[in-house]
Each structure stands twice: as C-alpha cells, then as structure tokens.
Amino acid sequence: MSLPKDGLPAEQVLDEIRALRTADRPTHGGRLFAYVYDPAVPGLDELAMSAYSLAAHVNGLDPTAFPSLLVMENALVGAAAQVLGGPPGVVGSVTSGGTESLLLAVKTARDARPDVDRPRMVAPVTAHAAFAKAAHYLGVALDLIPVDPDSLRPLATDVAAAIGPDTVLVACSAPSYAHGVVDPVAEIAEVAAAAGVRCHVDACFGGWTLPYLRRLGVDVPPFDFAVPGVTSISVDLHKYAYCPKGVSVLLHRDEELRRPQYFGYAGWPGYTMVNPVISSTRSGGPIAAAYAVLRHIGDSGYLALAGRTREAVRGLAAAVSDVDGLRLLAPAETTVVCFTSDGDPDLFVLADELAARGWHTQPQFAFGDLPASIHLTVAAAVAPQVAAFATDLAVAVDAARAAGPVVLPPVDPSAPLPELLAALGLSGGLPERMATVNTLLNAAPPALRERLLIDFLSHLQRP
Ligand SMILES: *Cc1c(COP(=O)(O)O)cnc(C)c1O
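Residues numbered from 1 in each chain as written. Predicted model: local features only at pLDDT ≥ 70, side-chain atom pairs only at ≥ 80, totals over all residues. Heavy atoms only, no water.

The protein chain goes by Aspartate aminotransferase family protein in an unreviewed UniProt entry, where it is assigned to Phytohabitans aurantiacus. Per UniProt, the protein chain carries the Sequence similarities (unreviewed entry) text "Belongs to the group II decarboxylase family. Sphingosine-1-phosphate lyase subfamily." As its UniProt record puts it under Cofactor (unreviewed entry), the protein chain is described as follows: "pyridoxal 5'-phosphate". (UniProt positions renumbered as here; feature names shortened; annotations may be inferred.)

Here it is, written out as structure tokens:
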C-alpha cells in the first residue's frame, strides 16, 4: 500500500529510500559520466542540504512575502552575469533547469514579436533537444541547420540563409551537450543582429566552465555577452556550478528584452498572478542551496575545479586516443570527451563492458552523417579516476572485441511494445547489458526511436 493506513516511523521510511537508492547509479565518485556533476568538495553536500532545508517551504510565488528569496535570486542572477561577461543592465531569472530556461528564452522571443503570425526559430541540429520541446510546446517552427561532419559546427552563412521574416530567434550552443563543441557564436550573433533577430546562447552545459577554462589558458572563442548580438544566455547551476538539481539561470542583456517573459493575469477573483517563470508556486530550496554553493566555492574555487576538470578531460582523451580502434569524434576542448569507433570494437558492447567494470558512460546513436558515439560528461571528481579508467578502458575494449558485435534477433522494431520486449527478452525489465537494445534503437529512424522509448517509459511509469 503506497499510502499506509497509519504513518510509519521516520527511520523506517528513510530506510526504505536508502534501500531504493542502492539500485541507482553512483552520483558521486567520478564513475558516472552523465546526469551528475560531482566536484568532490568536502562538506559541500551537507552545506547545500542545510541551506535547502532552511528554505524548502518558502514560496517563490511572491517575493514580497518572502524577500529572502528575492535577495538570493538576484544574487544568483548577478553571479551568472558576472561569470558570463554581463555589462551593467543584464537581468535574469532563476528557473528549475535548462529546459525551462530554453522554453522561456523561446517564449520571450516569440511574444516579443506579436506581429508574426507563424513564428519560427533557427538552430543548429546539434542544439539541445529542449529547443525542439520548446518549439513544440510554444507553436514555433524549428528550422534546423546542419553541422559540418568534421568540425560539428554550423556555418553562420547557413544560419543567415535560414533567417526569414518570421524568424523570432536564432539559437546556438556554447558548448553543445553531445560533443562539447562551441558554435561560432560571434558570427551567428552577427547575422542574427543584422536581421534584427534575437540570439540566444545555450550555455546551460558549459556556461560555468568556459570562462574559467579561458582564464586557465584554453582557447575559448567569444560566446558570452562580450559578443554584441547575443541577447540572452542560459546557464545551468545544477551542472558545473555544482548545485543540487533544480536550478538554472536565464539572462537577458537588458530589462526590455526580458519583458515578454513575464505572465500576468488579473482576470479571476483570486490573487493577481505574476510569474517570470513556468512554475507559479516554487520551492526556495534549490535557490537557497545554490546560493550557499556559489558563495562557498567562490570564484577561485570554480577556477580550481575547472583546472581539475581540464586535467581529467585531457587524461581521458589521451586514454581514448591510445586505444587502437577508438577515436575522438570532436577535440576534447571543453568538458566532454566524445569518441567513436569504426565498428571494431562495437561501441554499445564496449559501453556494457565499461559498465560491468563500474564506469557508466552515455551511448549516443548515429544521426545523419554522424556515427554512434560514447559521451563522457567530465566533472572535477573524475580527476583522481583517470588512471583507473584508462586501465579498464583497454581491458573493456579487449573484452568487447572478444565478445564481437551485437547480432540482432529477428525483430520488427515497429511491432507493438509487448511483442518487441518479448522478442528481445526484456519482458522482465531492463537487462544488465544494453547493447542489443542500443543496437536496435541505433538502427531505427529517429521517429521510431522516439515512439519506442515513449512506449517503454509509459510502460514503466505505472503505479
Ligand atoms: C542539460 C542541457 C540542457 C537542458 O537542461 P536540463 O537541466 O536537463 O533541463 C539544455 N542545453 C544544454 C546544452 C544542456 O547541456
């Protein structure tokens, strides 16, 4: 019974959660290369949780009732503006994550152009999937620009050619999530500005590392408010600012640009609702936790963490390049290591062999001209693990070669889900080894991938 008739003792409930959590991948320790960002700063979790609990019941719905939250939000926005080269006048909002920041960037751009009946936006195909979600939710058509298969960057001339009278926004990434590649932001922002169109830089992933990497001597191209045509930037604090989940910042160059982001409504008998973001009631917990983390780590702390991350990226990239048959898909210039093979070893088998040794990577499927790849999001906690990874990678590659590539059972991927799961031997839930599933999905066209994974998730998400 999910809701027990009588309440259970606190310790028992916590034990239940502890037991459930043992099935999860490790959030700490530098062995999970996606989803989590671990700085390995002693005491940081405890600090964040104390701060969280101080504000968990505070409601961001009304900053006049809870001025503490207004102060902390403004501090987070101010810190993000400082990190991202914001001139005086930059404003912003704290959101629940990158997706919400991007949804709001698109909504703001759309609503700034009431003269356009059928709004459109332009983005490289490597832009985060959240732009497609925003376009879908907001009724904005998405014009995708191809990227060069070697540099993985779009050409500004292609962006310029795609801008039309109905274009309300041009977007680009600094860097892209999949490959960690920084788009030619200066050139793209220039063509957007020339057409009088807003330009959003999605720095959700790397906005908190690129400026520090630059200070460490890495050649980071201009991507922030130093670029004149950039009108808004998003940066996730729950990524490389190492805050607990649920916090991102959307910055606008000035207050006027932000104005259409707000939603106000007085046409009902209750309180006048005025919201800068999608949620109305929202917890102060993530905001207070982020406030504590940023102020505790500080500028010099982030510089040191970026240095450790850089060292880890270099070590991992060298380990990959040392293996015969593996190659980097993109130069490891930011905080991603993304590699591929020519089929030997089979990448999906390799991912399983790494997982069997406690290294959790993120397989990425083939897309257009781009081959399937393995993605590693690298955070500071990875640095002490690099040598162990290198050793295990070599062993895992040998094991993957010995196992050989996946041979798919004769299944029809367009069959109904229960049939498909039975044919793949998955009726009992997720298998230890994902290579067969990944191979099937990799071979499926994107629309079929979407359908299969939605069916599967819906199948899981039942009480
Ligand atoms: C993670 C990410 C997002 C989406 O952020 P969520 O916090 O997962 O909603 C958007 N853009 C980029 C580049 C990202 O890395």
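(A) Helix 7 (residues 185-194), seen in detail. When we look at burial in helix 7, the residues that qualify are V185, I188, A189 and A192. The buried residues of helix 7 occupy an angular sector of 95 degrees when the element is viewed end-on, so they sit on one face. Exposed side of helix 7, more than 90 degrees from the buried face: E190 and A194 are the residues found there. On its buried face, helix 7 is in contact with helix 6 (156-162), strand 4 (167-173) and strand 5 (198-202). Where helix 7 terminates, the next one or two residues include G196, which has phi positive at roughly 70 degrees. (Buried < 20%, exposed > 50% of the residue type's maximum accessible area, 1.4 Å probe, protein only. Helix = DSSP H or I, 4+ residues; strand = E, 2+ residues; numbered from the N terminus. Arc of directions from axis to C-beta. Contact = heavy atoms within 4.5 Å.)

(B) Representation of the nonpolar core. In this structure, V201, W208, F223, L237, Y242, L251 and Y302 are the most contacted members of the largest nonpolar core, which totals 73 residues. In terms of residue count, helix 10 (residues 285-321) provides more of this core than any other element does, 10 residues in total. The residues that make up this core include at least three from each of domain 1 (49-293) and domain 2 (298-403). In contact with F223, not counting residues within four places along its chain, are L84, A174, V182, V185, V201, A203, L210, P211, R214, V230 and I233. With 32 residues, the next largest nonpolar core counts V349, V378, V382 and A400 among its residues. (Core = buried A, V, L, I, M, F, W, Y, C linked by side-chain atoms within 4.5 Å. Domains from an automatic or database assignment.)

(C) Highlighting the pairing of strand 1 (residues 91-95). Burial within strand 1 is extensive, with five of its five residues counted as buried. Burial of the side chains of strand 1 extends over both faces: V91, S93 and T95 are buried on one face and G92 and V94 on the other.

(D) Summary view of the domain arrangement of the protein chain. Examined at the domain level, the protein chain breaks down into domain 1 (49-293), domain 2 (298-403) and domain 3 (417-460). Centre-to-centre, using C-alpha coordinates, domain 1 lies 28 Å away from domain 2. The partner domain 2 presents 25 residues to the 25 residues of domain 1 that form the contact. Summing both partners gives a buried area of about 2,200 Å² for domain 1 against domain 2, and 63% of it is carried by carbon and sulfur. Counting every contact that joins domain 1 to domain 2 gives one salt bridge. Measuring nitrogen to oxygen at the nearest pair gives 2.8 Å for the salt bridge that ties D299 to R215. (Buried area = accessible area lost by both parts, 1.4 Å probe. Salt bridge = Lys/Arg side-chain N within 4 Å of Asp/Glu carboxyl O.)

(E) Looking closely at the environment of D455. Relative to the assigned elements, D455 resides in helix 15 (residues 446-460). A relative accessible area of 27% means that D455 is categorised as partly exposed. Separated by 415 residues in sequence, D455 and A40 have C-alpha atoms that sit 37 Å apart.

(F) Layout of the site of the ligand. Near the ligand, the surroundings consist of G97, G98, T99, L102, H128, Y177, D202, C204, F205, D236, H238 and K239. One of the side-chain nitrogen or oxygen atoms of T99 is found 2.6 Å away from an oxygen atom of the ligand. The contact in question runs from an oxygen atom of the ligand to an N or O atom on the side chain of H238, over 2.8 Å. Against a free-state accessible area of 380 Å², the protein chains account for coverage of 85% of the ligand. Broken down by element, the residue count for the shell around the ligand peaks at three residues, all from helix 4 (residues 98-111). The residue inventory of the shell around the ligand, partitioned by class, reads four nonpolar, five polar and three charged. (Near = heavy atom within 4 Å. Polar contact = N/O pair within 3.5 Å; in protein donor to acceptor, adjacent residues only side chain to side chain. Areas by Shrake-Rupley, 256 points an atom, 1.4 Å probe, with all protein chains shown as cover. Nonpolar A, V, L, I, M, F, W, Y, C, P; charged D, E, K, R; others polar.)

(G) Structural context of the pairing of strand 3 (residues 141-145). Pairing analysis gives five bridges linking strand 2 (residues 120-124) to strand 3, with the strands arranged parallel. Each residue of the ladder has a partner; that of R120, found in strand 3, is A141. Note that the unit made of strand 2, helix 5 (residues 129-138) and strand 3 has a crossover that is right-handed. (Pairing = 2+ DSSP bridges. Right-handed = clockwise from strand over helix to strand, strands pointing away.)

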